Amino acid sequence: MADNPKKKGRDRELVSEQEHEVAYLMRTAKVTRQKALEAIREAGPTRETVMEYLGQK
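Residues numbered from 1 in each chain as written. Predicted model: local features only at pLDDT ≥ 70, side-chain atom pairs only at ≥ 80, totals over all residues. Heavy atoms only, no water.

Moving on: the environment of Ile40. Tracing the backbone through its elements, the reader meets Ile40 in helix 3 (residues 33-43). With a relative accessible area of 7%, Ile40 lands in the buried category. Taking the C-alpha atoms as reference, Ile40 lies 9.9 Å from Leu14; in sequence the two are 26 residues apart. Apart from the residues within four sequence positions on either side, Ile40 is in contact with Val15, Ser16, Glu17, Val22, Leu25 and Val50. (Helix = DSSP H or I, 4+ residues; strand = E, 2+ residues; numbered from the N terminus. Buried < 20%, exposed > 50% of the residue type's maximum accessible area, 1.4 Å probe, protein only. Contact = heavy atoms within 4.5 Å.)

This is the structure in structure tokens:
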């Protein structure tokens with residue numbers, strides 16, 4: 001759920017360095033914590049670009 005209930009949709013498209021988000025990336029992309037954090041920092045905050053980055057590396 002979004003932090004702000006009036007804001008809808010966009011939260012799902014973003015990924016942050018919060019523990020549960022990193023854990024999700026680790027499970028779905030089957031990468032280490034270090035690689036997941038690197039992908040977030042290098043590719044930016046959008047989930048789509050992070051997943052593309054992990055697929056290329």
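Here the narrative resumes.
Time to look at the pattern of salt bridges. Here the structure, examined in full by the defined rule, presents three salt bridges. Arg41 is the salt-bridge partner of Glu17, the closest N and O atoms lying 3.2 Å from each other. Of this pair, Glu17 sits in the loop between helix 1 (10-13) and helix 2 (19-29) while Arg41 sits in helix 3, and the two are 24 residues apart along the sequence. Relative accessible area serves as the criterion here: at 39%, Glu17 is assigned to the partly exposed category. Taking relative accessible area as the criterion, Arg41 reaches 51% and is therefore assigned exposed. Residue Arg33 pairs with Glu19 through a salt bridge whose shortest N-O separation is 3.1 Å. (Salt bridge = Lys/Arg side-chain N within 4 Å of Asp/Glu carboxyl O.)

What follows deals with the nonpolar core. Ranked by size, the top nonpolar core spans 10 residues in total: Val15, Val22, Leu25, Ala36, Leu37, Ala39, Ile40, Val50, Tyr53 and Leu54. At the level of elements, helix 2, helix 3 and helix 4 (47-56) are the ones that each hand at least two residues to this core. No other element matches the four residues that helix 3 contributes to this core. Not counting residues up to four positions away in its chain, the partners in contact with Ala39 are Gly44, Val50, Tyr53 and Leu54. (Core = buried A, V, L, I, M, F, W, Y, C linked by side-chain atoms within 4.5 Å.)

Once that is clear, we can look at helix 2. Of all the residues in helix 2, the buried ones are Glu21, Val22 and Leu25. Along the axis of helix 2, the buried residues cluster in a sector spanning 100°; they form a single face. In this structure, helix 2 carries His20 and Arg27 as exposed residues pointing more than 90 degrees from its buried face. At its buried positions, helix 2 is contacted by helix 3 and helix 4. Directly beyond the C-terminal end of helix 2, a positive phi value near 55° is found at Lys30. (Arc of directions from axis to C-beta.)

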